[in-house]
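Notes for the structure review
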Amino acid sequence: MPQRLRVRSKRPKVFFTHNKMSATSSPSSPKAPSNSTTRTPSTPSEVFDDILSSAQPPPTYSQQTWNPSNPYFPHYHNQNMSTTATTPPESLIPPTPALFTTRPILQDTLKTLSSKEQLSTAEICMKYLSNPSDPFPILSRREHIAFLKSGVLGVQNGKLREEMVALDASRPWIIYWCLQGLVSLGVDVGKYRERVISSLQPLQNESGGFGGGNGQVSHVTASYAAVLALAVVGRGEDGDEEYGEALGIVDRRAMFRWLHEIKDWESGGFRVCVGGEEDVRGVYCALVILALLGLPTSGNLTQGTKEYLGRCQTYEGGFGATPNGNEAHGGYAFCTLAGLCILGEPAVVLRKYLDMDRAISWLSARQYAPEGGFSGRTNKLVDGCYSTWVGGCWALIEAGINGPQDENEEKLGEKEVGGLRDKPRKGPDYYHSNYILLGLASTQNYFYYTSSPIPLSSPPPSPNRGSGDPPLPLTAPFLWRYSPRIPSNTPNVAEAIVKDMPAWPDDVTEEDLLPGQEVESDRLKVHHPIFNIPFERAGEIEAWWKGKVGF
Ligand code: FPP
Ligand code: ZN
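The numbering scheme is per chain: residues are counted from 1 as the chain's sequence reads. Chains and ligands are labelled sequentially in the order written, the chains with letters from A and the ligands with numbers from 1. Reporting of local features is limited, given that this is a predicted model, to residues whose pLDDT is at least 70; pairs of side-chain atoms are given and counted only at 80 or more, and all residues count toward the totals for whole chains, interfaces and linings. Note that the side-chain values use all heavy atoms of the structure and ignore hydrogens as well as water.

For clarity, the cut-off: UniProt positions are given in the numbering used here, feature names are shortened, and annotations may be inferred rather than shown by experiment.
For the chain, the name recorded in an unreviewed UniProt entry is Protein farnesyltransferase subunit beta, with Tuber melanosporum as its organism. Per its UniProt entry, the chain bears the Function (unreviewed entry) comment "Catalyzes the transfer of a farnesyl moiety from farnesyl diphosphate to a cysteine at the fourth position from the C-terminus of several proteins. The beta subunit is responsible for peptide-binding." What UniProt records for the chain under Sequence similarities (unreviewed entry) is the sentence "Belongs to the protein prenyltransferase subunit beta family."

Here you go:
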């Protein structure tokens, strides 16, 4: 019996009517430079002086607006817990820093397509951050679910839109993005299990691995996405024709052989396909496949790999695609950090192979103000997908700093359409939808590394591994935990956030939502910080491969 959803007609009850802290607070647009009518700046230092002289002083505390629909602000109930707006006690109001409510002080005087796009993005973001009459929109679950569902089921006659032909070599990716996005939104994707298996099975090659499309050679990123998609749909129900782990369709022995073929024994890295280019994507994808399929690393498959990853750190502190000086990029940063965290305990491997201080400095510089989002690289624009590629690095960095923790001692620390996108004014797609949802979920949880396995809801299947079986050293990614709290320097704030955010029911389906109904929460299902699959699946999958003898 599906759980009844708490519904609302327009605005969620937990979000109060708008309070303005001060009549003087409003989004400020910088004054024109005082001397702009008398002199056109010609040297960089004149430009700089003009910009500085035109800057507004930061608003004082009492001028800050309280944006009550920001779900990360605590909600204040009056005594009988009614949802009428009450003014929060002043001491607990987290002000939106002026950095996020005013235009950037430094603006590029050279106008390009990029600089214009950056400014227009900033304007749109500032509007939400600083104007209480235009507050944060709430996650449009119904629309996002419909959008992602179209990627699994097609839009017409079971077919994807025509433009998707360009992604013909990325079929497993489309399936993974949509499934994981749906899971984040609370949808049970078990119903797509057989469909997913029958779409992915033909992409598997006898020589090992998956191609991106039918008849295509095996590629490590396609194989990674196929493994993730199978991991996400999980086990069938008793009585299903396809009972058992969906990952069971993978020919593990052939995959193992193929991974040996793409391994570069000299550099320690992995190529993306036989004879293909070698980069840190190859390494991360190969390691995830090894870990989730429980493949042994005997035979030196991970030989030299930590050192390879360490060499990808650049002079900026970020991480390039390959060792020795490629431009640092957020996508490669996640691959490097997550790759190392598959190979060992974060506090050991990250500290040993990386310059953590410089990594933290570069990662911090990825967040721009006032947009609030992350850019992928120096001097480029913010983009929603870096919520995962850059935002997802922070859990790993934190675990590298904090070391293993016990479970009890974690530090607290327009017309609406579905789908999420790179930035305002762009169209939505499945890739950004998934990685933005994962990024949002990262902000809602504190991930930490511990030293005991993830507890299982049901006992592991038998038989257990024989003592003569090869060692399975890639256990580090299975030792993570999460806490649905946001670490904060203001503990009361962190506590309040979670308490007031109702969880999305487990068994919700899009059919459960009636027209005009929405669930009162932006809270998402939690994912695994290294694999980017539902968190609990990691423990179940580990139990599945531990129950296997040999291949
Ligand atoms: C630049 O695109 C993009 C890259 C240089 C690579 C991005 C890599 C990833 C997103 C990670 C891939 C991960 C796996 C697991 C395969 P751009 O120039 O369009 O974007 P930008 O301006 O934001 O840099
Ligand atoms: Zn993007």
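**As for the coordination of the zinc ion (ligand 2)**
So the rule is basically this: Coordination partners: N, O, S within 2.8 Å of the metal, 3.2 Å for Na, K and Ca; water not considered, so apparent gaps in a site are possible. Only four donors with every angle between 85 and 135 degrees are called tetrahedral; only four or six donors with opposite donors over 155 degrees apart and all others between 65 and 115 are called square planar or octahedral, in that order; all others are irregular. Only protein chains enter the area calculation, which uses a 1.4 Å probe; residues under 20% of their type maximum are buried, those over 50% are exposed, and those in between are partly exposed.
Only D383 (OD), D383 (OD), C385 (SG) and H432 (NE2) from the protein reach the zinc ion (ligand 2) as donors, at distances of 2.0 to 2.5 Å. Of note is the zinc ion (ligand 2), whose four donor atoms meet at the metal with angles of 57 to 121° in an arrangement that counts as irregular. With a relative accessible area of 12%, D383 lands in the buried category.

**Let's talk about the packing of aromatic side chains**
Convention followed: Paired rings are identified among Phe, Tyr and Trp, the last through its six-membered ring, by centres lying within 6.5 Å, and are further divided according to the angle between planes into stacked (under 30 degrees), edge-to-face (over 60) and tilted (the rest). Numbered from the N terminus, helices here are DSSP runs of H or I no shorter than four residues, and strands are runs of E no shorter than two. Here, a charge over a ring is recorded when the distance from Lys NZ or Arg CZ to the ring centre is within 6 Å and its angle to the ring normal is within 35 degrees.
This model, assessed by the stated rule, comprises 14 aromatic pairs. With 5.7 Å between their ring centres and 35° between their planes, W173 and W177 make a pair best called tilted. Of this pair, W173 and W177 both sit in helix 4 (residues 171-184), four residues apart, roughly one helical turn. Assessed through its relative accessible area of 9%, W177 is described here as buried. Aromatic rings pair up to connect W173, W177, Y224, Y284, F334, W389, Y431 and Y435 into one cluster. The residue whose ring lies beneath K127 is Y128, and the NZ or CZ to ring-centre distance is 5.4 Å. One residue, K263, lies across the ring of W265, its end atom 5.8 Å from the ring centre.

**Observations concerning the pattern of salt bridges**
Two side chains of opposite charge can pair, provided their charged atoms sit close to one another. Let me state the cut-off plainly: One side-chain nitrogen of Lys or Arg within 4 Å of one carboxyl oxygen of Asp or Glu is enough to make a salt bridge.
Following the criterion strictly, the structure yields 13 salt bridges and no others. Between D168 and R171 there is a salt bridge, with its nearest N and O atoms 2.7 Å apart. The class of D168 is partly exposed, set by a relative accessible area of 31%. Between D422 and K423 there is a salt bridge, and its shortest N-O distance comes to 2.8 Å. For the pair D422 and K423, one class covers both residues: buried. The structure contains a network of salt bridges with shared partners spanning E117, D422, K423 and K426.

**With respect to the site of ligand 1**
What counts is decided by this rule: Proximity is defined per residue: any heavy atom of the residue falling within 4 Å of a molecule or strand makes that residue near it. Two N or O atoms form a polar contact when they lie within 3.5 Å of each other; inside protein one atom must be a possible hydrogen donor and the other a possible acceptor, and for residues adjacent in sequence the pair counts only when both atoms belong to side chains. Under the convention adopted here, Pro, Cys and the residues Ala, Val, Leu, Ile, Met, Phe, Trp and Tyr are nonpolar, Asp, Glu, Lys and Arg are charged, and Gly plus all remaining residues are polar.
Near ligand 1 there are 14 residues, and of these H329, R377, K380, Y386 and W389 occur at the shortest range. K380 has a polar side-chain atom sitting 2.8 Å from an oxygen atom of ligand 1. Between an oxygen atom of ligand 1 and a side-chain N or O atom of Y386, the distance comes to 2.7 Å. Broken down by secondary-structure element, the contributors of at least two residues to the shell around ligand 1 are helix 6 (220-233), helix 8 (280-292), helix 10 (330-343) and helix 13 (386-389). Ranked by the residues each element gives to the shell around ligand 1, the list is headed by helix 10, at three residues. Of the residues in the shell around ligand 1, the class split is eight nonpolar, three polar and three charged.

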